[in-house]
Amino acid sequence: MRKFWLVSLFAISSGMVPFFTLAAPAEIASTKESFKLQSEVAKTAKPKTALRASGALIQSVENNVWFDTIDISFDSDLNKNGFFHSLYVRFDADTNYESVPVYVHFALKRAGAPEVIIHTSSVFTLYGTSADDWFAIESELLHSLPPAYYDLVIRVYDADYNDLLAEISGFDEPALAELPLEDFSYDEPQVVIVEEDSGSVGWFSLLGLVGVALTRRKFKAA
């Protein structure tokens with residue numbers, strides 16, 4: 001370990017470029033948040049489904065916080081293959097507390113692959129059983145998500161203590177399962193190339209025909 005530090009210090013002092021770098025991971029998705037007040041996203045959303053009514057949602061973890069309603073929709077299928085790169089999720093969660101500050105992880109999981117967190121939310125507050133403290137995201141998926149059917153996983157954490165307060169996924173609710181998604185890099189529009197095949201009649205062929213016609217005309221005149 002001592003030798004490693006000496007080599008590292010020498011490299012830095014001599015201007016050498018170290019053989020390793022600590023780079024921040026690329027952003028999986030570009031996400032917009034909205035909460036409490038109606039957003040343009042919420043106004044124009046076309047939900048895939050609204051999950052079962054108040055108090056009826058099944059979830060994996062419940063610790064004084066539970067999911068009341070969840071709406072999901074997806075958009076943007078440029079190559080028309082049935083998989084989308086834009087995902088909208090809106091949910092309302094309730095709590096036994098008068099109020100609790102929380103943040104949320106949104107993740108996608110497909111069979112045979114590790115879970116991918118697409119967004120960690122800012123901190124917001126749940127107020128008892130109010131219907132006005134809903135939270136929504138609109139995510140444009142950018143990379144690391146090939147065309148597949150994904151389960152959505154939503155986890156709510158206590159913002160003060162980082163305790164997991166509630167979790168729900170496609171394993172619990174069918175409406176969160178098998179979402180047809182892909183990232184933007186896979187959703188390239190189909191390009192149709194039209195090739196015109198004129199056979200043997202091209203520009204040189206047309207010039208040749210004109211030459212033949214002139215030759216015939218001279219022959220007749222003679």
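Cut-offs and rules
- Residues numbered from 1 in each chain as written.
- Predicted model: local features only at pLDDT ≥ 70, side-chain atom pairs only at ≥ 80, totals over all residues.
- Heavy atoms only, no water.
- Pairing = 2+ DSSP bridges.
- Helix = DSSP H or I, 4+ residues; strand = E, 2+ residues; numbered from the N terminus.
- Core = buried A, V, L, I, M, F, W, Y, C linked by side-chain atoms within 4.5 Å.
- Buried < 20%, exposed > 50% of the residue type's maximum accessible area, 1.4 Å probe, protein only.
- Contact = heavy atoms within 4.5 Å.
- Lys, Arg positive; Asp, Glu negative; His and termini not counted.
- Salt bridge = Lys/Arg side-chain N within 4 Å of Asp/Glu carboxyl O.
- pLDDT = per-residue confidence, 0-100.
- Phe/Tyr/Trp six-rings, centres within 6.5 Å; stacked < 30°, edge-to-face > 60°.

Novice: Break down the pairing of strand E7 (residues 116-120) for me, citing the residues and quoting the values.
Specialist: Strand direction decides the pairing type here: strand E6 (residues 100-109) and E7, joined by four bridges, are antiparallel. Considered in E7, the bridge of Leu-108 is made with Val-116. What sits between E6 and E7 in their antiparallel hairpin is a turn of six residues, with Gly-112 showing a positive phi close to 80°.

Novice: Outline the nonpolar core, listing residues and values.
Specialist: Counting 35 residues, the largest nonpolar core has Phe-67, Ile-70, Phe-91, Phe-106, Leu-108, Ile-118 and Ile-154 as its most contacted members. Excluding residues that lie within four positions of it along the chain, Ile-154 makes contacts with Phe-67, Ile-70, Val-89, Phe-91, Val-104, His-105, Phe-106, Ala-166, Glu-167 and Ile-168.

Novice: Can you break down the side chain of Asp-158 residue by residue, with the values?
Specialist: For Asp-158, the position within the fold is in strand E10 (residues 148-158). At 16 Å, Arg-155 is the nearest oppositely charged side chain to Asp-158, a buried residue that forms no salt bridge. Ignoring any residue separated from it by four or fewer positions in sequence, one finds Asp-158 in contact with Val-100, Pro-101, Tyr-103, Asp-163 and Leu-165.

Novice: How would you summarise the confidence of the model for the protein chain if you had to cite specific residues and measurements?
Specialist: The share of residues in the protein chain with pLDDT of 70 or more is 63%, and the mean pLDDT across the chain is 74. Here helix H1 (residues 2-13) is the element of the protein chain with the lowest mean pLDDT, 37, and E10 is the one with the highest, 96. Counting interchain partners and residues more than four positions distant, the pLDDT-below-50 stretch residues 37-55 has 41 contacts.

Novice: Which residues make up the pairing of strand E9 (residues 135-141), and what values go with them?
Specialist: Summarising burial for E9: five of the seven residues are buried, a large majority. Looking at chain direction, strand E5 (residues 86-95) and E9 are connected through six bridges and run antiparallel. Bridging across to E9, Tyr-88 finds its partner in Glu-138.

Novice: Account for the environment of Asp-160, naming residues and giving values.
Specialist: With respect to the helices and strands, Asp-160 occurs in the loop between E10 and strand E11 (164-169). Residue class for Asp-160 comes out exposed when judged on its relative accessible area of 55%. A sequence separation of 58 residues divides Asp-160 from Val-102, and the C-alpha atoms of the two residues are 7.8 Å apart.

Novice: How would you explain the packing of aromatic side chains if you had to name every residue and give the values?
Specialist: In total, this model carries eight aromatic pairs according to the counting rule given. On the numbers, 5.5 Å between centres and 65° between planes, the contact of Phe-67 with Phe-91 is edge-to-face. Linking Phe-67 in strand E4 (residues 65-75) with Phe-91 in strand E5, this pair joins segments that are 24 residues apart in sequence. Through a chain of ring-to-ring contacts, the aromatic side chains of Phe-67, Phe-91, Phe-106, Phe-124 and Phe-135 assemble into a single cluster.

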